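Given next are the chains, with one letter for each unit.
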Amino acid sequence: MSSLVLYNYFRSSTSFRVRIAMHLKGLNFEYRPVSLLKNEQHSPEYRKINPMGGVPTLVHEGKIIPDSMAILEYLEDIAPNPPILPKDFYLRARVRQVCEIVNSSMHPYGNLKVLKYLEQTHSYDQVQKDLWAQHWTTQGLEALEKTLSEFSGRYCFGDEVTMADIFVYPQMITCQRFNMDLTKYPTLWKIYQSCKLTPAFDKAHPRNQIDIPEDLKGKI
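Residues numbered from 1 in each chain as written. Predicted model: local features only at pLDDT ≥ 70, side-chain atom pairs only at ≥ 80, totals over all residues. Heavy atoms only, no water.

1. As for the environment of Ile166
Relative to the assigned elements, Ile166 resides in helix 7 (residues 163-177). Through-space distance from the C-alpha of Ile166 to that of Ser15 is 11 Å; in sequence the pair is 151 residues apart. Once residues lying within four places of it in the same chain are set aside, the contact partners of Ile166 are Arg17, Ile20, Ala21, Leu24, Leu72, Ile84, Val161 and Phe201. (Helix = DSSP H or I, 4+ residues; strand = E, 2+ residues; numbered from the N terminus. Contact = heavy atoms within 4.5 Å.)

Structure (structure tokens):
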């Protein structure tokens, strides 16, 4: 059994981020599914290790680290090669800025619990939920396109994968779920295509996870 245990959900973009990093760094881990659709994140057992009831949560040798940003920073400390943060302090700050655009200004609007709230409280149908997500995440896409046009090479910051790519790629897949045209953002689209061809990103993709439901296999 691995000393790294990752509680996560196949379609969670925050879980997706951590899986990418772990595959990039060649870390073996035990995959423990937490079904958000079955509300397993709200079980008393899970709430003991993650009081917010979110995914992912990493457990390493008995130490508990919830939330993707904290997990990624921890993985960078315990397994620094290959690095996902640049050595240059300025570039590190800009990588983290890109991560925060995704984490704070894009991801929450497409979060399952937010969409459920809109459906249950305001009777939003799927079209309305798509429009909601499109409205808010478009602002983030525009900010990312402008920011990364200054720094990108093959990936977000030059020709090596950084934490920025680990945040951007899952978010772009989420945007596609909301029927957004990403080809309008040429820099982001180039980065997306590069990540898509990178083995660690493919291995971490929701379609390749053990908890993907049978009815979704071959469809995402």
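2. Structural notes on the packing of aromatic side chains
Under the criterion given, the structure shown has 11 aromatic pairs. On the basis of an interplanar angle of 70 degrees and a centroid distance of 4.8 Å, the ring pair of Tyr9 and Phe10 is categorised as edge-to-face. An identical accessibility class is assigned to Tyr9 and Phe10; each is buried. Each ring, one from Tyr109 and one from Trp136, has its centre 4.9 Å from the other, and the planes form 10 degrees; the classification is stacked. Of the two residues, Tyr109 is situated in the loop between helix 4 (89-105) and helix 5 (112-122) and Trp136 in helix 6 (residues 126-151); the sequence distance between them amounts to 27 residues. Grouping aromatic residues by their ring pairs yields a cluster made of Phe16, Tyr169, Trp189, Tyr192 and Phe201. (Phe/Tyr/Trp six-rings, centres within 6.5 Å; stacked < 30°, edge-to-face > 60°. Buried < 20%, exposed > 50% of the residue type's maximum accessible area, 1.4 Å probe, protein only.)

3. Focus on the layout of surface pockets
When its volume is computed, the largest pocket comes out at roughly 1,000 Å³. In terms of lining, the largest pocket is formed by 41 residues, of which the most central are Leu36, His107, Asn111, Leu112 and Lys113. Breaking the lining of the largest pocket down by element, the ones donating at least two residues are helix 1 (13-24), helix 3 (68-78), helix 5, helix 6 and helix 7. Per-element tally for the lining of the largest pocket: the top contributor is helix 5, with five residues. By volume, the second largest pocket amounts to about 240 Å³. Lining the second largest pocket, in full, are Leu24, Pro82, Pro83, Ile84, Leu85, Pro86, Lys87, Phe157, Glu160, Val161 and Thr162. Residue composition of the lining of the second largest pocket, grouped by class: eight nonpolar, one polar and two charged. (1 Å grid on protein atoms, 1.4 Å probe; cavity = no way out; pocket = protein on both sides within 12 Å on 5 of 7 lines; lining within 4 Å. Points joined across faces, edges and corners; volume = space filled by probe spheres on them. Nonpolar A, V, L, I, M, F, W, Y, C, P; charged D, E, K, R; others polar.)

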